[in-house]
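# Structure at a glance
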Amino acid sequence: MKVALEDLYQQLIMDHGRRPRNFRVLQDATHHLEGYNPLCGDRFTVYLKIADGRVADVSFQGSGCAISTASASLMTEAVKGKTEDEVEKLFEAFHAVVTGKRAPDAASLGKLAAFAGVAAYPVRVKCATLPWHTLKGALAGSKQPVSTE
Amino acid sequence: MSATRTATVNTSRGNALDVARVRADFPALHQQVNGRPLVYLDNAATTQKPQAVLDALLGFYSRDCANVHRGVHALSQRATDAYEGARETVARFLNARPREIVFTRGTTEAINLVAYSYGSRLSPGDEILITELEHHSNIVPWQMLAERTGARLRVAPINDRGEIILEEFQRLLGPRTRIVAVAHVSNALGTVNPVEEICRLAHTYGARVLVDGAQAVPHLAVDVRALDCDFYAFSGHKIYGPTGIGVLFGRWELLEAMPPYQGGGDMIRSVTFEKTLYNDPPYRFEAGTPHIAGAIGLAAAIEYVTRLGLEEIRRHEQQLLQAATRALEEIPGVRIVGTAAHKAAVVSFVLDGVHPHDVATVLDHEGVAVRAGHHCAQPLMERFGLPATTRASFALYNTLEEVDALARAVRRARELFD
């Protein structure tokens, strides 16, 4: 089945890919971790400030393709203020959508539903999920950089 | 400048390659991808296979399938004849002797074989010299060898065009240099290295030279005697042959003195629990049942390119290279990475503001298959300060129309991300 390129590169994704939000080092981060996709060279560091079990602040830095950069940017917007449990559930829902296991549901995913087009491009799933795997590793207190391979 | 130019065959013929006829030989080329005709420009990763190779594989498995070197029955004799015939074909192709041809799984295994076997005689303080543009398969085996033996790995730098700086290379050579390992053609940039000169320089210090020819054999005639190299490695699947088969050429007197790489059947002369006598090369290095069908398929591939003529192939591919270079340079924001004076038909490039992975996805959408990434040459990418590039690599069956399709698709990527 032919999917239009614009389904993958939606306006929202292009916008966040070009001008990522929360793109900075978080000086008072309580957690941070590097994520790396050795296949394409995407490399991000995710910074988190956790207070009272919630994401008080979150940011990222690094370089990657439009999909991974936009994913990291929209992820930081989506998880801010959420509890660790809520973050975990959001990642599960996001993962199910980008891998084509579940139809996008704007009610639970919000802007993240824009990544539904990734499901038609299996090799790009890692681009979309790298920031999330990195975030999850950071939350778990991992010191080992996350790798998609 | 290199032996590959002086050693070309049959220049008197001078026929241009009949690409339409050539394309008819490759079944895989005639398909649609994402609703568009496939434009296959990922040939440096692997090439498509001509019908002659497919027929050779099918012929072996449907008529002659038996093990080699041990049966007295008819099928085993036919399999052995075909397998050893393949060795002779490879030997002729490289201007080597059949007993100097070891079949391996590919270039990587061939390099590992030399690093493990020839390398076992290195001692602390010895030096291994490689270059900055090597594929990981011509870096990691030497790093492992250095770790095992205490030898030191040294790296000759390249210039901004992607050419080895010969003066620097020469400066790094010395009496401690035991092994020089260098790519004949860079997989990521297309640079054709002056291998003949490198061998000459290395030999003045008594070093042995291994040439990684994976990206060279599909594009230019290789004569190991003219190059005067000590080892030459290549893979079948990059020269229109099957995957899983490769070749190591080794100078006879070197192979003869080298210890085995793996133990098993076929590599022995006699075995008792007290002592095993090893077979002579090349069998000493071919433990276990070899990839018989693969060797036969590789021979068919070599016969195929030889029939077309490597000089004709080279001329056609150089046309494609020039056209692709021109077409891409005309696109605003495109920068070609690797601008050596002497190149094979590989064009690596970056598009301003668009990640190579996004470029490759857009191209795939247009039916154009390219590679995006670090091309298993991370130190080289680091040298250029890039996480990745997009790479279009051409083969004998590509056309100028496909160059246009590539350029159109890159323009499309540029518009989409503008």
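On a predicted model such as this, the values are computed, not experimentally measured, just so you know. (Residues numbered from 1 in each chain as written. Chains lettered and ligands numbered in written order. Predicted model: local features only at pLDDT ≥ 70, side-chain atom pairs only at ≥ 80, totals over all residues. Heavy atoms only, no water.)

## Some thoughts on the overall build of chain B
Helices and strands together make up the secondary structure of chain B, namely 15 helices and 17 strands. Taken over the C-alpha trace, chain B has a radius of gyration of 22 Å; the compact-globule value for 418 residues is 22 Å, and the two agree within 12%. Counting only C-alpha atoms and orienting by the principal axes, one finds that chain B spans roughly 75 × 55 × 40 Å. Within the span of chain B, comprising 418 residues, buried residues form 60% of the whole. For chain B, restricting intrachain contacts to residue pairs at least 6 apart in sequence, the fraction spanning at least 24 positions comes to 72%. Summing over all exposed atoms, chain B offers an accessible surface of approximately 16,300 Å²; the carbon and sulfur share of this is 49%. Taken together, the 43 basic and 47 acidic charged side chains of chain B have centroids lying 2 Å from each other. (Helix = DSSP H or I, 4+ residues; strand = E, 2+ residues; numbered from the N terminus. Rg over C-alpha atoms; globule rule 2.2 N^0.38 Å. Buried < 20%, exposed > 50% of the residue type's maximum accessible area, 1.4 Å probe, protein only. Contact = heavy atoms within 4.5 Å. Areas by Shrake-Rupley, 256 points an atom, 1.4 Å probe, with all protein chains shown as cover. Lys, Arg positive; Asp, Glu negative; His and termini not counted. Charge placed at Lys NZ, Arg CZ, Asp CG, Glu CD.)

## Details of the interface of chain A and chain B
By a widespread convention, an interface's size corresponds to the accessible area lost as its parts come together. Between chain A and chain B, the contact holds 21 residues from the first and 17 residues from the second. Between chain A and chain B, the buried area comes to about 1,600 Å², and carbon and sulfur atoms account for 55% of it. Notably, a salt bridge pairs Glu6 of chain A with Arg412 of chain B, separated by 3.6 Å at the nearest N-O pair. Broken down by secondary-structure element, the contributors of at least two residues to the side of chain A that touches chain B are α1 (5-8), α2 (11-18) and α3 (66-79) of chain A. Examining the composition of the side of chain A that touches chain B, we find that three residues originate from one element, α1 of chain A, more than from any other. For the side of chain A that touches chain B, the residue count by class is 14 nonpolar, two polar and five charged. (Buried area = accessible area lost by both parts, 1.4 Å probe. Salt bridge = Lys/Arg side-chain N within 4 Å of Asp/Glu carboxyl O. Nonpolar A, V, L, I, M, F, W, Y, C, P; charged D, E, K, R; others polar.)

## Remarks on the pattern of salt bridges
Applying the stated criterion across every chain, the model contains 36 salt bridges over all chains. Glu127 of chain B is the partner of Arg154 of chain B in a salt bridge, and the nearest nitrogen-oxygen pair spans 3.7 Å. Of the two residues, Arg154 of chain B is situated in strand β6 (residues 152-156) and Glu127 of chain B in strand β5 (residues 127-131); the sequence distance between them amounts to 27 residues. Judged by relative accessible area, Glu127 of chain B falls into the buried class, the value being 11%. Among the salt bridges present, the one from Glu132 of chain B reaches Arg383 of chain B, with a minimum N-O distance of 3.7 Å. One end of the pair, Glu132 of chain B, is in the loop between β5 and α6 (140-149); the other, Arg383 of chain B, is in helix α14 (residues 378-383), with 251 residues separating them in the sequence. Judged by relative accessible area, which is 24%, Arg383 of chain B ranks as partly exposed. When salt bridges that share partners are traced, they join Glu6 of chain A together with Arg36, Glu366 and Arg412 of chain B into one network.

## Re the sheet that holds strand β17 (residues 389-393) of chain B
Residue and element names in this part refer to chain B. Spatial strand order, β13-β14-β17-β16: four strands in an open sheet with antiparallel pairing. In this open sheet, the two strands that pair with only one neighbour each are β13 (334-337) and β16 (371-373). In this sheet, neighbouring strand axes are inclined to one another by 30° on average, regardless of whether the strands run parallel or antiparallel. Taken together, the four bridges between strand β14 (residues 346-351) and β17 define a ladder with antiparallel strand orientation. Bridging across to β17, Ser348 finds its partner in Arg391. (Pairing = 2+ DSSP bridges. Axes fitted to C-alpha atoms, helices over the stretch in contact; angles between N-to-C directions.)

## Describing the layout of surface pockets
When its volume is computed, the second largest pocket comes out at roughly 400 Å³. Together, 24 residues line the second largest pocket, and Gly64 and Cys65 of chain A together with Gly353, Val354 and His355 of chain B are the ones closest to its centre. Elements with a minimum of two residues in the lining of the second largest pocket: α2, β3 (54-63) and α3 of chain A together with β14 and α13 (356-365) of chain B. Broken down by element, the residue count for the lining of the second largest pocket peaks at three residues, all from α2 of chain A. In terms of residue class, the lining of the second largest pocket is built from 14 nonpolar, seven polar and three charged. (1 Å grid on protein atoms, 1.4 Å probe; cavity = no way out; pocket = protein on both sides within 12 Å on 5 of 7 lines; lining within 4 Å. Points joined across faces, edges and corners; volume = space filled by probe spheres on them.)

## Examining the confidence of the model for chain A
Fine structural detail should not be taken from predicted coordinates in areas where pLDDT scores are low. Confidence in the prediction for chain A averages 92 pLDDT; 97% of positions are at 70 or higher. The least confident element of chain A is helix α5 (residues 106-109) of chain A, whose mean pLDDT is 83; the most confident is α3 of chain A, at 97. (pLDDT = per-residue confidence, 0-100.)

## What about the side chain of Thr191 of chain B?
Residue and element names in this part refer to chain B. Within the element layout of this structure, Thr191 appears in the loop between β7 (177-183) and α8 (195-204). Judged by its relative accessible area of 2%, Thr191 is buried. Within the structure, Thr191 has its side chain in polar contact with the backbone oxygen of Gly162 (distance 2.8 Å). (Polar contact = N/O pair within 3.5 Å; in protein donor to acceptor, adjacent residues only side chain to side chain.)

## Brief notes about the pairing of strand β8 (residues 208-212) of chain B
Residue and element names in this part refer to chain B. Where burial is concerned, most of β8 is hidden: four out of the five residues are buried. Pairing of β7 with β8 involves five bridges; the strand directions are parallel. Within the sheet, the bridge partner assigned to Ala181 lies in β8 and is Leu210. At this point the chain moves from β7, through α8, to the parallel β8, and the crossover so formed is right-handed. (Right-handed = clockwise from strand over helix to strand, strands pointing away.)

## So, the state of the cysteines
All names here are of chain B. Summed over the entire model, instances satisfying the criterion amount to zero disulfides over all chains. Free of any disulfide, Cys199 has its nearest cysteine sulfur in Cys229, 5.3 Å distant. Owing to a relative accessible area of 0%, Cys199 belongs among the buried residues under this scheme. (Disulfide = S-S within 2.5 Å.)

## Some words on helix α4 (residues 84-98) of chain A
Residue pairs spaced three or four apart in an α-helix point in one direction, given the helix's 3.6 residues per turn. All names here are of chain A. With 15 residues, α4 extends 21 Å between its outermost C-alpha atoms, agreeing within 8% with the 21 Å of an ideal straight helix rising 1.5 Å per residue. Within α4 the residues assigned to the buried category are Val87, Leu90, Phe91, Ala93, Phe94, Ala96, Val97 and Val98. At the exit of α4 stands Gly100, carrying a positive phi of roughly 80°. (Expected span 1.5 Å × (residues − 1).)

## Some thoughts on the sheet that holds strand β4 (residues 101-104) of chain B
Residues and elements named next belong to chain B. What the seven strands build is an open sheet, ordered β4-β10-β9-β8-β7-β5-β6; its pairing is mixed. Since the sheet does not close on itself, it has two edges, and those belong to β4 and β6, each with one partner. Pairwise comparison of adjacent strand axes, ignoring direction, gives a mean angle of 20° for this sheet. Both β5 and β7 contribute to a ladder of three bridges, which runs parallel.

## Considering the environment of Thr129 of chain A
All names here are of chain A. Among the structural elements, Thr129 can be located in helix α6 (residues 125-139). Between the C-alpha atom of Thr129 and that of Ser71, which follows or precedes it by 58 residues, the distance is 7.5 Å. With sequence-adjacent residues up to four places away left out, Thr129 is seen in contact with Phe94, His95 and Val98.

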